[in-house]
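So you can see what is in the structure, the chains are spelled out below.
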There are 2 protein chains.
Amino acid sequence: MKGYMGKILRVNLSNQVSSEETIDPQIIKQYLGGVGIATKILYDEVPQNTDPFSADNKLIFAPGVLTGTGYPGGTRFNVVTKSPLTGIWLGSSSAGFFGTRLRMAGYDALIIEGSSKKPVLIDIQDEKVDFIDASSVWGLDTFESKEQIEKKLERKNISTVLIGPAGEKRVRTACMMVDMGRFTGRGGSGAVMGSKNLKGISVSGTKKIEVARNKEFKERIREGVDAINTSIAVYPYKIMGTTLAISREFESGDVPTKNFQLGMWEQSKDLDGMKMAAKSYFKEMPPTCFACPVRCSKFTEVPDGPYKVNLGPAPQYETLAALGSNCLNNNVESVIKSNDLCSRYGIDTISTGVTISFIMEAYERGHITSEQLGGIEPIWGNADVIIELIKMIGERKGIGELLGEGVKRTAEKLGLSDKGYAIHVKGMEVPMHDPRSLFSFGVNYATSSRGACHLRGPSMLFDQGIAMIDAGVPNRSTRFNQKEKGLAAKAAQDASNIIESLGLCIFCAISVAMFGMFSKMAEALEPLTGEYVTVKDIWEIGERISNLQRAFNLREGITAEDDHLPSRLLEPFSEGLAKGQVPNVAVHIKEYYQARGWDPKGIPTEKTLTRLGLDWIIPNLH
Amino acid sequence: MKGYMGKILRVNLSNQVSSEETIDPQIIKQYLGGVGIATKILYDEVPQNTDPFSADNKLIFAPGVLTGTGYPGGTRFNVVTKSPLTGIWLGSSSAGFFGTRLRMAGYDALIIEGSSKKPVLIDIQDEKVDFIDASSVWGLDTFESKEQIEKKLERKNISTVLIGPAGEKRVRTACMMVDMGRFTGRGGSGAVMGSKNLKGISVSGTKKIEVARNKEFKERIREGVDAINTSIAVYPYKIMGTTLAISREFESGDVPTKNFQLGMWEQSKDLDGMKMAAKSYFKEMPPTCFACPVRCSKFTEVPDGPYKVNLGPAPQYETLAALGSNCLNNNVESVIKSNDLCSRYGIDTISTGVTISFIMEAYERGHITSEQLGGIEPIWGNADVIIELIKMIGERKGIGELLGEGVKRTAEKLGLSDKGYAIHVKGMEVPMHDPRSLFSFGVNYATSSRGACHLRGPSMLFDQGIAMIDAGVPNRSTRFNQKEKGLAAKAAQDASNIIESLGLCIFCAISVAMFGMFSKMAEALEPLTGEYVTVKDIWEIGERISNLQRAFNLREGITAEDDHLPSRLLEPFSEGLAKGQVPNVAVHIKEYYQARGWDPKGIPTEKTLTRLGLDWIIPNLH
């Protein structure tokens, strides 16, 4: 089939055997690529109750169908696995050049299974798969590891995904670094890699993606680039990534502060990108992601002072808020330093920030003592404590061993689960948009397939008054409106699954498919694949993937009771720009279930599953 | 009537008599305020064939109904007159605090008529109107004049509109400066003021706008502020005004270059706001406009070098393009200097830039000699020549006397009208968006009531894929799509008339009324005025104003033949991101006429006029 490499590479670490498989065209038709195909493989191959750290868990890497084609923003891949943080479905989308080069090597997906006895690196060079001893880089941080591995491999145009010390030590919030400074941030995919004694994967290839109607596809690419470059929505991201969002979200009372306690904190503005720009911290660097006209990934340095940091990836909005305002820390240099450390250890900045802010609150409330923390006094806003705790998490030392388990397990171990300030959904720490400020996020966090997830959040646009016409939400809304939020969350989640099956960057996708106008995507897919595809088909694929993710989670024991927000997020702020506002999440979830065709227990009905061609799941669910 | 002061102040300069008139509530109902009411007065009081520079021409200042109420962006007023540049209807919208203070003094509109024998300043202090001898400030530039006048008046909280030397000398592109650094930019309102020997107007007041339902209106204000502060559309303007638009428009091939000849010029990026920010040119200053959360008006300085400029208003996008790229000049410091000079002389930067670029092209083509220009050699991109020509225009010296007449008259006088490179519509120089890049602008420029006008341009959003649902353009579009552009232009023009009757800043209006959602405006007007108003009413008012403006222009002899673009704007670019693209403007105009209910000659039909309650105009038109 045109537009696809047509093959999956399966690599077994236990016996160091690799094999190729052909993708069933029916699977492509139903799941498109990327997160869709990877989710299908996970559902089929990782049975109920698999220990995420066992050899039976798998890591499935899958670029989208547009990845590597030159289509703008077609740069992403998903790594899908069973999360050691949440125990449910995990998909982490990332970018760089890895997905593109995996396709250049000839594969639409890569399944890693089993477990190696010794530290190993998988090197893929077209169809050649080598297992390289990784003992010499085991223990090195991500930046050093990347440098050593590239030196060792002695060839150009290599992409890597690899873990730092945190992943090696099974820190449950560990991620992988992709090329230079992109990450598979959330949910612990790096820990799964570490549990397999896998340091990383390097890949290079020489193959090309065959395009059905080249001239026409090139025209779609040109249009796509044009739409992105002229989009009013994406312009701020071109200038300085997501860092400007601090001031913008500040204006809506959306920047989580002091472990989601405050609706307003003037000092959070000190973390804004404009402040970094004013200090000339941003540096021009080559693009980090294939075929991206936005280039939101920025680089920064802190030339001197206590938080000196060499040139490296700049913190993004989520990091600035998680390790900044949410810990009541407005020292931007310290956040750059924290970000640098998290990057090097390979840990998720959001989960790390939310877990540290939890500890700060526990300390303030007298629920934990300095003694328990090895003498550390985690006072709100103490940047040095934040940095110290990050080091302990990354190295799994002292209290860091516990904090690296994520906020849910930390609260449980400390007997503080019932206190209501461990801010997570299904074990996934809540990211940096507050549902009290943007109501759509409430039901979205509560029901997202990997736990609280902001990347399933184009519903944010709905909260800002943009009708999601093509997604069946024709009315405009406002952020504090209680209507149609469930509908918007469904649309946003399905849209994200579409975008991640296409392999698109969400910022690019939003520009091209202005707020869900996937007809543009259909128009691009047709000349690429030679297959006729309608917008309706595309939305159905998105919905199918959402339901399959749900089915995986239901099989792991998730119930409607898990679809809820931490109580704190339903307590109105007494100050700030979202003061007194609370989304009626229970009602929105009801609406969401109905829109999804799920029963009141949150289980897809037989009718829904049949409609989506998922009737084969029925025996597992009903 | 609540929400209005209910009175108009009429000031006759010939006999120095002022009088108060009550506004007919029927007029308010039909025209809302601002540009609407002012247009009605102009139509009624300035008869056919009035010489714009005669005592019979009038200057009608009118704040909108939301101006001064505290509603966010409710800060603007219109000055409406017969333009000396185009000979047709002119409305120039501006901001600052003038409109607010005129209302505080007790007036919804101010009519200036007659002509003074000697230079005079009108000082309004509540109902007290003084005629102050302005001989001492006649000849001073705008900044100096403002300083002197404020010193002389010895009271606080004064707003001023005043002219510089250009207006005094009847330069046809002269504008007024409003407070510090806002301007009534286009069409020569400053020259009309100068022709009346009026240096300016100062106003202060102590009255309050009575609100029908205060609590409810305050709630609408809060919602409006919130919508603006959280809007994705406006965020870049908050950061650094419109200066960032250079890079953005560059990506669409939209930045006019070399007198609209080139579709792409890499160096235009040197003019971008980010470049200015990198040099720390922007300075924090108090807000320039009443009740505005956006604060797009920025201040800048050039601390040293040949183009040293003291702290003052920064050039906006239109100026950066008009005096920069369109003259093939990428020296941003020189544009800051040029902007400073234009501000001080009080001349429109767009018209000035387009006229200078015309001269540069004429010189290159050998259509004008250095001798004719008093020895000046206007070579493309020569910043010093641009500055020299601005001085000559501002002082009405040498060739400047001709150039200050605008590009249409300049071309006529030089016998170059038929060469096709005097870029204007109806005598108004084309602003800095190219219809070959954004198709909606083609028909919009061709039909706008004051000649080529970008401020009647929310159609730009339509070109960028945003459906104008509430305006009856439900489908999304792309910039190179030939469909529904006439419809979009009509909607955009009506929307602009609504916004300027409300007295809103367009950036604020776009955020609150996300892309034309005027239901928010209806919701705000109701508690303000106590009158029930529907969205349909509001759109009808916008349409009524558009038709009355057209009627004024038809009476002055405008015909369908004047509704056309300069031929150059219909020649496809051979390079850049709008390469090969041309809007089918003739077809779009046809569609526009039909949508407006105008006959093929561009005349509103009796049916249309009757529908809009404008049947009293029928005898004049038919």
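Keep in mind the model is a prediction, meaning the values are calculated, not measured. (Residues numbered from 1 in each chain as written. Chains lettered and ligands numbered in written order. Predicted model: local features only at pLDDT ≥ 70, side-chain atom pairs only at ≥ 80, totals over all residues. Heavy atoms only, no water.)

Q: Mind laying out the overall build of chain A, listing which residues take part and the relevant values?
A: The secondary structure content of chain A amounts to 25 helices and 17 strands. For chain A, the C-alpha radius of gyration of 22 Å lies close to 25 Å, the compact-globule estimate for 622 residues. When the backbone C-alpha atoms are referred to their principal axes, chain A occupies close to 60 × 55 × 50 Å. Long-range pairs, those at least 24 residues apart, make up 70% of the contacts in chain A with a sequence separation of at least 6. (Helix = DSSP H or I, 4+ residues; strand = E, 2+ residues; numbered from the N terminus. Rg over C-alpha atoms; globule rule 2.2 N^0.38 Å. Contact = heavy atoms within 4.5 Å.)

Q: Outline the interface of chain B and chain A, listing residues and values.
A: On the chain A side, the residues contacting the 36 residues of chain B number 36 residues. Carbon and sulfur atoms supply 61% of the area that chain B and chain A bury against each other, a total of about 3,100 Å² over both sides. Summed over the shared surface of chain B and chain A, the result is three salt bridges. For Asp-226 of chain A, the salt bridge identified is with Arg-479 of chain B, shortest N-O distance 2.1 Å. (Buried area = accessible area lost by both parts, 1.4 Å probe. Salt bridge = Lys/Arg side-chain N within 4 Å of Asp/Glu carboxyl O.)

Q: Which residues make up the domain arrangement of chain A, and what values go with them?
A: Residue and element names in this part refer to chain A. Partitioning chain A into structural domains gives domain 1 (7-204), domain 2 (238-422) and domain 3 (435-621). A straight line from the C-alpha centre of domain 1 to that of domain 3 covers 26 Å. The interface is formed by 39 residues belonging to domain 1 together with 36 residues belonging to domain 3. It is Leu-32, Tyr-43 and Trp-89 that lose the most area in domain 1 upon contact with domain 3, and together they represent 25% of the buried surface on that side. Here domain 1 and domain 3 share one salt bridge between them. Sorting the residues of the side of domain 1 that touches domain 3 by element identifies α1 (25-31), α2 (34-45), β4 (77-82) and β5 (89-94) as the ones contributing at least two each. With eight residues, α2 is the largest single contributor of residues to the side of domain 1 that touches domain 3. Broken down by class, the residue content of the side of domain 1 that touches domain 3 amounts to 14 nonpolar, 19 polar and six charged. (Domains from an automatic or database assignment. Nonpolar A, V, L, I, M, F, W, Y, C, P; charged D, E, K, R; others polar.)

Q: Give me the lowdown on the confidence of the model for chain A, citing residues and values where you can.
A: In this model, chain A carries a mean pLDDT of 94, and residues with pLDDT of at least 70 account for 98%. Under the prediction, the complex receives an ipTM of 0.71, its pTM being 0.85. (pLDDT = per-residue confidence, 0-100.)

Q: Help me get a handle on the relation of the copies chain B and chain A, residues and values and all.
A: Rotating chain B by 180° about the axis while translating it 0.1 Å along that axis superimposes it on chain A, leaving an RMSD of 0.0 Å. On this basis, the relationship between the two copies can be described by a two-fold rotation axis. A share of 100% of interface residues in chain B that are also interface residues in chain A marks the association as one of identical surfaces. (Least-squares fit on C-alpha atoms with pLDDT ≥ 70 in both.)

Q: Would you mind going over the side chain of Ser-338 of chain A in detail, with residue names and values included?
A: Residue and element names in this part refer to chain A. Within the secondary structure, Ser-338 is located in helix α12 (residues 332-345). With a relative accessible area of 1%, Ser-338 lands in the buried category. Apart from the residues within four sequence positions on either side, Ser-338 is in contact with Leu-323, Ile-386, Ile-387 and Ile-390. (Buried < 20%, exposed > 50% of the residue type's maximum accessible area, 1.4 Å probe, protein only.)

Q: Let's hear about the sheet that holds strand β1 (residues 7-12) of chain B: which residues, and what values?
A: Residues and elements named next belong to chain B. The mixed open sheet is built from six strands, whose spatial order is β2-β1-β6-β3-β4-β5. Of all the strands in the sheet, just β2 (17-22) and β5 (89-94) have a single pairing partner and so form its edges. Adjacent strand axes in the sheet meet at a mean angle of 20°, parallel and antiparallel pairs treated alike. Across three bridges, the pairing between strand β3 (residues 59-63) and strand β6 (residues 109-113) is antiparallel. If you follow Ile-60 over to β6, its bridge partner there is Ile-111. Most of the contacts of helix α2 (residues 34-45) go to strand β4 (residues 77-82), to which it runs at about 20°, and overall it touches β1, β3, β4, β5 and β6. (Pairing = 2+ DSSP bridges. Axes fitted to C-alpha atoms, helices over the stretch in contact; angles between N-to-C directions.)

Q: Describe the environment of Ser-252 of chain A, with residues and values.
A: Along the chain, Ser-252 of chain A falls in the loop between α9 (245-250) and α10 (273-278). When the C-alpha positions of Ser-252 of chain A and Ala-578 of chain A are compared, they lie 6.5 Å apart, and in sequence the two are 326 residues distant. The residues contacting Ser-252 of chain A, other than those within four sequence positions of it, are Ser-437, Arg-479, Leu-577 and Ala-578 of chain A together with Thr-230 of chain B.

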